[in-house]
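# Observations on the model geometry
Chain by chain, the residues:
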Amino acid sequence: METAPPRFFGYGSLVNRLAHAYPDAAPLTVGGWRRAWRHTPLRPVAFLTAVPDPGTRIDGLTAAVPAGDWLALDDREAAYLRASLPEGPAIYHIPDGLHGPATDTHPILRSYLDVVVQGYLAEFGPAGVAQFFATTDGWDAPIRDDRDAPLYPRAQRVSGEVTALVDGWLAAPNSS
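Residues numbered from 1 in each chain as written. Predicted model: local features only at pLDDT ≥ 70, side-chain atom pairs only at ≥ 80, totals over all residues. Heavy atoms only, no water.

### A closer look at the overall build of the protein chain
The helix and strand inventory of the protein chain stands at three helices and nine strands. In the protein chain, the succession of helices and strands from N to C terminus is β-β-β-α-β-β-β-β-α-β-β-α. Taken over C-alpha atoms, the radius of gyration comes to 15 Å for the protein chain, in line with the 16 Å a tight globule of 176 residues would show. Over its C-alpha atoms, taken along the principal directions, the protein chain stretches across nearly 50 × 35 × 35 Å. Counting all 176 residues of the protein chain, 50% fall into the buried class. The long-range share in the protein chain, meaning contacts at least 24 apart out of those at least 6 apart in sequence, stands at 75%. Just so you have it, the protein chain exposes about 8,500 Å², and 56% of that area is on carbon and sulfur atoms. One way to put it: in the protein chain the 14 positive side-chain charges average out to a point 1 Å from where the 20 negative ones average out. (Helix = DSSP H or I, 4+ residues; strand = E, 2+ residues; numbered from the N terminus. Rg over C-alpha atoms; globule rule 2.2 N^0.38 Å. Buried < 20%, exposed > 50% of the residue type's maximum accessible area, 1.4 Å probe, protein only. Contact = heavy atoms within 4.5 Å. Areas by Shrake-Rupley, 256 points an atom, 1.4 Å probe, with all protein chains shown as cover. Lys, Arg positive; Asp, Glu negative; His and termini not counted. Charge placed at Lys NZ, Arg CZ, Asp CG, Glu CD.)

What follows is the structure in structure tokens.
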């Protein structure tokens, strides 16, 4: 009997199926985590990490790692550590003490945020986008508007609906 390939849980850009080619992707909600915009010396810009939070549940996407070959995904998620979730899939995160808040020199890239919101809209609809913003910390971080010349390596062409959602949520009092 053949065993199923291992799986990962994505909660940021990995929710966007256009930003990866991992098979058997499906929505999943996990408990005990929330997202935060953080930075490490390993990356020049801020990015999302999962931080433990027993009272929060986050939506994301789980997908198979073909043949258990983690090399490409570990390379993509090089600034993170991989850990197993009780629900089964692995999650990439940065443990406490190894990351700091986003700064002017380590801002959030709007092109990255657009990719994340595009994924949440496709998978979970407008309510899922609202949940993403509600379960993510660090919205006081500086944001670099790089939409015209994206710096994010997996930037996608996004619709006016996505840009309006991102811009609207960033202008909301709870996220800025």
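Read on, since the account is not over.
### Some points on the layout of surface pockets
Space inside the largest pocket adds up to approximately 340 Å³. Residue lining of the largest pocket: 22 residues in total, with Arg-43, Phe-47, Tyr-112, Tyr-152 and Arg-154 positioned closest to the centre. Put simply, the parts of the chain that give the lining of the largest pocket at least two residues each are strand 1 (7-10) and strand 3 (47-64). Looking at the lining of the largest pocket, its residues break down into 15 nonpolar, three polar and four charged. (1 Å grid on protein atoms, 1.4 Å probe; cavity = no way out; pocket = protein on both sides within 12 Å on 5 of 7 lines; lining within 4 Å. Points joined across faces, edges and corners; volume = space filled by probe spheres on them. Nonpolar A, V, L, I, M, F, W, Y, C, P; charged D, E, K, R; others polar.)

### Regarding helix 2 (residues 110-134)
Here helix 2 spans only 18 Å end to end across 25 residues, well under the 36 Å set by a 1.5 Å rise per residue. Its maximal kink placed at Phe-124, helix 2 deviates by approximately 130 degrees, while the proline Pro-126 follows within four residues. Along helix 2, 18 of the 25 residues are buried, which leaves the element largely enclosed by surrounding structure. (Expected span 1.5 Å × (residues − 1). Bend = angle between axes of the 7 residues up to and from the residue.)

### A short note on the packing of helix 2 against helix 3 (residues 160-171)
Across the interface, helix 2 lies against helix 3 with an axial gap of 9 Å and an inter-helix angle of 85 degrees. Taken together, the axes of helix 2 and helix 3 are roughly perpendicular relative to one another. Residues Arg-110, Leu-113, Asp-114, Val-117, Gln-118, Leu-121, Val-129, Ala-130 and Phe-133 of helix 2 form the contact with helix 3, whose own contacting residues are Glu-161, Val-162, Thr-163, Leu-165, Val-166, Asp-167, Trp-169 and Leu-170. The class makeup of the residues in the contact of helix 2 with helix 3 is 11 nonpolar, two polar and four charged. (Axes fitted to C-alpha atoms, helices over the stretch in contact; angles between N-to-C directions. Parallel < 35°, antiparallel > 145°, perpendicular 65-115°, else oblique.)

### Comments concerning the nonpolar core
Nonpolar side chains tend toward joint burial in soluble globular proteins. Counting residues in each nonpolar core, the largest one holds 49 residues, and the members touching the most others are Tyr-11, Tyr-112, Leu-113, Val-117 and Phe-132. If you list the elements that add at least two residues to this core, you get strand 1, strand 2 (26-39), strand 3, strand 5 (90-93), strand 7 (108-109), helix 2 and helix 3. For this core, the leading source of residues is helix 2, giving 10 residues. Sequence-distant contacts of Leu-113, defined by excluding residues within four places in its chain, comprise Trp-37, Phe-132, Phe-133, Trp-139, Val-166 and Leu-170. (Core = buried A, V, L, I, M, F, W, Y, C linked by side-chain atoms within 4.5 Å.)

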